[in-house]
Amino acid sequence: MGTGRTFNKKPISRPKKGASERARRIETHRKRLLALGVSEEQLRTMNPDEIRKLLQRPKLLASK
């Protein structure tokens, strides 16, 4: 049995992120947004995609 390209592709040779990693990352993002001045009520209604979208431009949040 050879070691061809099949076993050298990244998703196969490197582990995927788990649910706990994802939850930890989202919690960190929430804390960052709270520090930037986003209200707790507003964060409760946002999904993770919206949270990541806001963090792409933190200077815009700080100026509001």
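Further up the page is the structure itself.
If you're wondering where the values come from, they're calculated on a predicted model, not measured in any experiment.

A short note on the overall build of the protein
Part 1 of the reasoning: For the protein, the count of helices and strands is five helices and zero strands.
Part 2 of the reasoning: Seen in sequence order, the protein has helices and strands lined up from the N terminus as α-α-α-α-α.
Part 3 of the reasoning: When the 64 residues of the protein are sorted by exposure, 14% land in the buried category.
Part 4 of the reasoning: Of the roughly 5,700 Å² of accessible surface on the protein, a fraction of 53% belongs to carbon and sulfur atoms.

A closer look at the nonpolar core
Part 1 of the reasoning: Judged by nonpolar contacts, L33, V38, L43, M46, I51, L55 and L61 together constitute the single largest core of seven residues.
Part 2 of the reasoning: Setting aside its immediate chain neighbours within four residues, M46 contacts R30, I51 and L54.

Details of the pattern of salt bridges
Part 1 of the reasoning: All told, the structure shown has two salt bridges when counted by the stated rule.
Part 2 of the reasoning: R52 is the salt-bridge partner of D49, the closest N and O atoms lying 3.1 Å from each other. With a gap of three residues between them, D49 and R52 both fall in helix α4 (residues 48-55), about one helical turn apart.
Part 3 of the reasoning: Judged by relative accessible area, which is 39%, R52 ranks as partly exposed.

Remarks on helix α2 (residues 19-36)
Part 1 of the reasoning: Between the first and last C-alpha of α2 there are 26 Å, a value that for 18 residues agrees with the 26 Å anticipated at 1.5 Å per step.
Part 2 of the reasoning: By the burial criterion, the buried members of α2 are I26, H29 and L33. Around the axis of α2, the buried residues are gathered within 60° of arc, so they sit on the same side. Facing away from the buried surface of α2 by more than 90 degrees, the exposed residues are S20, K31 and A35.

Remarks on the packing of α2 against α4
Part 1 of the reasoning: Look at α2 against α4: their axes get within 10 Å of each other, and the N-to-C directions meet at 50°. The orientation of α2 relative to α4 falls into the category oblique. Judged by the twist between their axes, the crossing of α2 over α4 is left-handed. For the pair α2 and α4, contact is made by I26, H29, R30, R32, L33 and L36 and by P48, I51, R52, L54 and L55, respectively.

About the thresholds
Residues numbered from 1 in each chain as written. Predicted model: local features only at pLDDT ≥ 70, side-chain atom pairs only at ≥ 80, totals over all residues. Heavy atoms only, no water. Helix = DSSP H or I, 4+ residues; strand = E, 2+ residues; numbered from the N terminus. Buried < 20%, exposed > 50% of the residue type's maximum accessible area, 1.4 Å probe, protein only. Areas by Shrake-Rupley, 256 points an atom, 1.4 Å probe, with all protein chains shown as cover. Core = buried A, V, L, I, M, F, W, Y, C linked by side-chain atoms within 4.5 Å. Contact = heavy atoms within 4.5 Å. Salt bridge = Lys/Arg side-chain N within 4 Å of Asp/Glu carboxyl O. Expected span 1.5 Å × (residues − 1). Arc of directions from axis to C-beta. Axes fitted to C-alpha atoms, helices over the stretch in contact; angles between N-to-C directions. Parallel < 35°, antiparallel > 145°, perpendicular 65-115°, else oblique. Left-handed = near helix turned anticlockwise from the far one by under 90°.

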